[in-house]
Amino acid sequence: MKLYIKYMVSLRCKMVVKEELRKLGLHFIIIDLGEIEIMEDLSAAEHEQLKTGLLRSGLELMDDRKAVLIEKIKNVIIQMIHYMDELPIIKYSEYISQQLNYDYTYLSNIFSEVKGITIQQFIISHKIEKIKELILYNELNLTEISYKLQYSSVAHLSNQFKKITGMTPTHYKNLKNKSRILIEEVGNQFSKKS
């Protein structure tokens, strides 16, 4: 049985889900970002217990098909930007479409309708957070960060960074208290609806 979980975006979230399944005596086949597959069918009582247990940790069991698809899109983007060593060589739209096995126009329309922002804006938000992370680590210079995140130039990266954050990457690097957004909150600053 497949279940979909909102806000499941990190290894910590996976551990929380494993623990909640263990408490209910359920066995998982796969636990992935936003999605789990368990061996058993859930009774109504088990479904409610799992839902309640996950909510205590800030996770949400989803039933709505559109919400499930939106979470899948978000998880593909989060996986791509934050957890892959190399970004895909193909266009992001093709990559997302291939990963989810849906037409990109359909995905894009659903995402915009529900989230109030475009997939592209969501990707840019995550790239900006990744840039902040890489600046904090101080292992790569801006040219290397630009290359890693597939910007055409450092100027393009800097312009996009400034447009989103209101400051240049260099100014951000020199701040004493560098602010970051939690992965699950990235993109919400543009959203009309969440």
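Quick note: structure is the one above.
Parameters at a glance
- Residues numbered from 1 in each chain as written.
- Predicted model: local features only at pLDDT ≥ 70, side-chain atom pairs only at ≥ 80, totals over all residues.
- Heavy atoms only, no water.
- 1 Å grid on protein atoms, 1.4 Å probe; cavity = no way out; pocket = protein on both sides within 12 Å on 5 of 7 lines; lining within 4 Å.
- Points joined across faces, edges and corners; volume = space filled by probe spheres on them.
- Helix = DSSP H or I, 4+ residues; strand = E, 2+ residues; numbered from the N terminus.
- Nonpolar A, V, L, I, M, F, W, Y, C, P; charged D, E, K, R; others polar.
- Core = buried A, V, L, I, M, F, W, Y, C linked by side-chain atoms within 4.5 Å.
- Buried < 20%, exposed > 50% of the residue type's maximum accessible area, 1.4 Å probe, protein only.
- Contact = heavy atoms within 4.5 Å.
- Axes fitted to C-alpha atoms, helices over the stretch in contact; angles between N-to-C directions.
- Parallel < 35°, antiparallel > 145°, perpendicular 65-115°, else oblique.
- Left-handed = near helix turned anticlockwise from the far one by under 90°.
- Pairing = 2+ DSSP bridges.

Now for the layout of surface pockets. Reported here for the largest pocket is a volume of approximately 290 Å³. Residue lining of the largest pocket: 15 residues in total, with Asp32, Leu33, Glu35, Asn75 and Val76 positioned closest to the centre. Listing elements by their share of the lining of the largest pocket, those giving two or more residues are β2 (28-32), β3 (35-38), α3 (65-83) and α4 (92-100). The residue inventory of the lining of the largest pocket, partitioned by class, reads 7 nonpolar, 4 polar and 4 charged.

In this structure, Ile73, Ile77, Ile96, Ile119, Ile123 and Ile131 are the most contacted members of the largest nonpolar core, which totals 31 residues. Put simply, the parts of the chain that give this core at least two residues each are α3, α4, α5 (104-115), α6 (119-137) and α8 (154-165). Top element by residues in this core is α6. It accounts for 8 residues. When neighbours within four sequence positions are excluded, Ile96 is seen to be in contact with Val76, Ile77, Tyr104, Leu107, Ile119 and Ile123. Val16, Leu26, Ile31 and Leu54 belong to the second largest nonpolar core, which has 17 residues in total.

Angle between the axes and distance between the axes are the two parameters that describe a pair of packed helices. Their axes nearest at 10 Å, the elements α3 and α4 cross at an angle of 120°. It follows that α3 is oblique to α4 by the angle criterion. Considering only the axes of α3 and α4, their crossing is right-handed. For the pair α3 and α4, the contacting residues are Lys72, Ile73, Val76, Ile77 and Met80 in the first and Tyr92, Tyr95, Ile96, Gln99 and Leu100 in the second.

Most of strand β1 (residues 2-6) is tucked away: 4 of the 5 residues are buried. Inspection of the sheet shows β1 paired to β3 by 3 bridges, in the antiparallel sense. Counterpart to Leu3 in the pairing with β3 is Ile36. With 3 bridges connecting them, β1 and strand β4 (residues 60-62) associate as antiparallel partners. Each residue of the ladder has a partner; that of Lys6, found in β4, is Glu60.

This part covers the environment of Ile38. Mapped onto the fold, Ile38 is located in strand β3. Along the primary structure Ile38 and Thr165 are separated by 127 residues, whereas in three dimensions their C-alpha atoms are 41 Å apart. Residues in contact with Ile38, not counting those within four places in the same chain, are Met1, Leu3, Leu21, Leu26, His27, Phe28 and Ile29.

That's the geometry; what it means functionally is another story.
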